[in-house]
Amino acid sequence: MADVQVGDGSGGRRRAVPAPAGKPTSRVRMSAAQRREQLISIGRQLFAERGFDATSIEEVAARAKVSKPVVYEHFGGKEGLYAVVVDREVRALLDRITTALTAGHPRELLEQAAMALLGYIEEETSGFRVLVRESPLMSATGNFSSVMNDVAHQVEHILGAEFKTRGYDPKLAELYSQALVGMVALTGRWWLEVRKPRKETVAAHLVNLAWHGLSHLEPKPTLVTTGGR
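Criteria and thresholds
Residues numbered from 1 in each chain as written. Predicted model: local features only at pLDDT ≥ 70, side-chain atom pairs only at ≥ 80, totals over all residues. Heavy atoms only, no water. Helix = DSSP H or I, 4+ residues; strand = E, 2+ residues; numbered from the N terminus. Expected span 1.5 Å × (residues − 1). Contact = heavy atoms within 4.5 Å. Salt bridge = Lys/Arg side-chain N within 4 Å of Asp/Glu carboxyl O. Buried < 20%, exposed > 50% of the residue type's maximum accessible area, 1.4 Å probe, protein only. Axes fitted to C-alpha atoms, helices over the stretch in contact; angles between N-to-C directions. Parallel < 35°, antiparallel > 145°, perpendicular 65-115°, else oblique. Left-handed = near helix turned anticlockwise from the far one by under 90°. Nonpolar A, V, L, I, M, F, W, Y, C, P; charged D, E, K, R; others polar. Core = buried A, V, L, I, M, F, W, Y, C linked by side-chain atoms within 4.5 Å.

Asker: Would you mind going over helix α4 (residues 78-100) with me for this structure?
Answerer: Residues separated by three or four positions in an α-helix point in the same direction, a consequence of the helix having 3.6 residues per turn. Counted at 1.5 Å a residue, the expected span for α4 with its 23 residues is 33 Å, and the 33 Å between its end C-alpha atoms agrees. Taken together, the buried residues of α4 touch α1 (32-54), α2 (57-64), α3 (68-75), α5 (106-123), α6 (125-132) and α7 (144-166).

Structural data, given as structure tokens:
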């Protein structure tokens, strides 16, 4: 409690008197929804740093400054927290990619898909690390492979229509969609660690290979969708 300096009425020295006691400050309690979001954020970071197996409920609780039962109350255990984190990342990545696919030309669509994935890696690095790390068996349908399979199915429909127009066998669209998405996805995992060159350059070279093939590579490819050509 701080002292207040007051005069003695005669112009002399000021003396200290105790300041009136105020109300004690109390910590603002989080609502259940706020606490849940906090735990999800902490879990996302820990799963990204250490993976599922090396992350413990004790550490999640410690970082949140709550007891373990609070975490169990919200998620039922580590598996439940992990499932929520992965589900959110899956939806975020799929939404980002599907929203980006607006062009009408297949080359531009490929550029948009590559840029969407690389943009997610750049801006949501922790989320991407959660998806590409080895996950427990219970999440076999909610990891990076399943996300890329979903994207490949969307690309398959685009390629199928294009193949019909060009007189190619539309049954091969699935094969080509898996090849194209796999190429972009594996390159994205590599770029996650090196971060060089910049994502626009990486995307341009991916499209260069996919569109022209090894025998007709452009020496200095650029992106059509960003006005580089």
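Asker: What is the right way to look at the pattern of salt bridges in this model?
Answerer: Oppositely charged side chains can pair when the atoms bearing their charge come close. Tallied over the entire structure, the rule returns 15 salt bridges. The closest approach of N and O atoms between Glu 58 and Lys 68, which form a salt bridge, is 3.2 Å. Note that Glu 58 is positioned in helix α2 and Lys 68 in helix α3, a separation of ten residues in sequence. When its relative accessible area of 44% is taken as the criterion, Glu 58 is described as partly exposed. Through salt bridges that share partners, Glu 49, Arg 50, Glu 59 and Arg 63 make up one connected network.

Asker: In this structure, what is going on with the packing of α7 against helix α8 (residues 173-194)? I would like to understand it.
Answerer: α8 packs onto α7 with a crossing angle of 135° between their chain directions and a minimal axis gap of 7 Å. For the element pair α7 / α8, the angle class is oblique. Relative to α8, the crossing made by α7 is right-handed. Across the interface between the two elements, Phe 144, Met 148, Asn 149, Val 151, Ala 152, Val 155, Glu 156, Leu 159, Gly 160 and Phe 163 of α7 pack against Ala 173, Glu 174, Tyr 176, Ser 177, Gln 178, Leu 180, Val 181, Ala 185 and Arg 189 of α8. When grouped by side-chain class, the residues that make up the contact of α7 with α8 number twelve nonpolar, four polar and three charged.

Asker: So what exactly am I meant to see when it comes to the environment of Tyr 72 here?
Answerer: Mapped onto the secondary structure, Tyr 72 falls in helix α3. Residues Tyr 72 and Ala 61, eleven residues apart in the sequence, show an inter-C-alpha distance of 9.7 Å. Aside from chain neighbours lying at most four places away, what touches Tyr 72 is Ile 57 and Gly 77.

Asker: Honestly, the nonpolar core in this entry has me stumped. Any pointers?
Answerer: One broad trend across soluble globular proteins is that nonpolar side chains are buried collectively. Formed by 57 residues in total, the largest nonpolar core has its most connected members in Val 71, Leu 93, Phe 128, Phe 144 and Met 148. Once residues lying within four places of it in the same chain are set aside, the contact partners of Leu 93 are Leu 117, Tyr 120, Leu 131, Phe 144, Val 147 and Met 148.

Asker: Would you explain the side chain of Glu 111 in this entry?
Answerer: With respect to the element layout, Glu 111 can be found in helix α5. Apart from residues no more than four positions distant in its own chain, Glu 111 is found in contact with Val 207, Thr 222, Leu 223, Val 224 and Thr 225.

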